[in-house]
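Inside the fold
One letter stands for each residue in the lines below.
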Amino acid sequence: MSLQDELTAVQRCIDELARTVGRLERSLAHLRAAEAAPHPPGAACGTDPVDGVITITEAPYDATLWTDSDDEGLGVRGRHAP
């Protein structure tokens, strides 16, 4: 490969890098604009539409919720891993 061919290849890589960085900058600008835009109540993922807060109680779960479930992939209730 001649020096001219190598310089041409490097220039193509630099041009592609510049195009990619430009696309990333535009994507980042869109994300920033979307974040800055006001969200309707309840639009944020995982929040309560009323006050935006999820409350997790410290009370234990009702054991009957798990009556027919397997334990972490170990199989049938009452069986134990070796």
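Just above sits the structure.
All values reported here derive from a predicted model rather than from experimental measurement.

A few words on the overall build of the protein chain. Helices and strands together make up the secondary structure of the protein chain, namely one helix and zero strands. Here the protein chain holds 82 residues, and the buried ones make up 1% of them. Surface summary for the protein chain: the accessible area is close to 7800 Å², and the carbon and sulfur share equals 62%.

Now for the pattern of salt bridges. Side chains that carry opposite charge are capable of pairing whenever their charged atoms lie near each other. What the rule picks out here adds up to two salt bridges. Note that arginine 19 is salt-bridged to glutamate 16, the shortest N-O span being 2.7 Å. Of this pair, arginine 19 and glutamate 16 are both found in helix H1 (residues 3-36), three residues apart, which corresponds to roughly one turn of the helix. The exposure class assigned to glutamate 16 is partly exposed, which follows from its relative accessible area of 35%.

Moving on, we get to a nonpolar patch on the surface. Side chains of Tyr61, Leu65 and Trp66 sit close together on the surface and give an oily, nonpolar patch of about 410 Å² of accessible area. As for its placement among the helices and strands, tryptophan 66 is situated in the segment after H1. Residue tryptophan 66 is classed as partly exposed on the basis of its relative accessible area of 44%.

Scoring rules and cut-offs
- Residues numbered from 1 in each chain as written.
- Predicted model: local features only at pLDDT ≥ 70, side-chain atom pairs only at ≥ 80, totals over all residues.
- Heavy atoms only, no water.
- Helix = DSSP H or I, 4+ residues; strand = E, 2+ residues; numbered from the N terminus.
- Buried < 20%, exposed > 50% of the residue type's maximum accessible area, 1.4 Å probe, protein only.
- Areas by Shrake-Rupley, 256 points an atom, 1.4 Å probe, with all protein chains shown as cover.
- Salt bridge = Lys/Arg side-chain N within 4 Å of Asp/Glu carboxyl O.
- Patch = residues over 30% accessible without salt bridge, like charges linked within 9 Å, V, L, I, M, F, W, Y side chains within 5 Å.

By themselves, these figures tell us nothing about what the structure is for.
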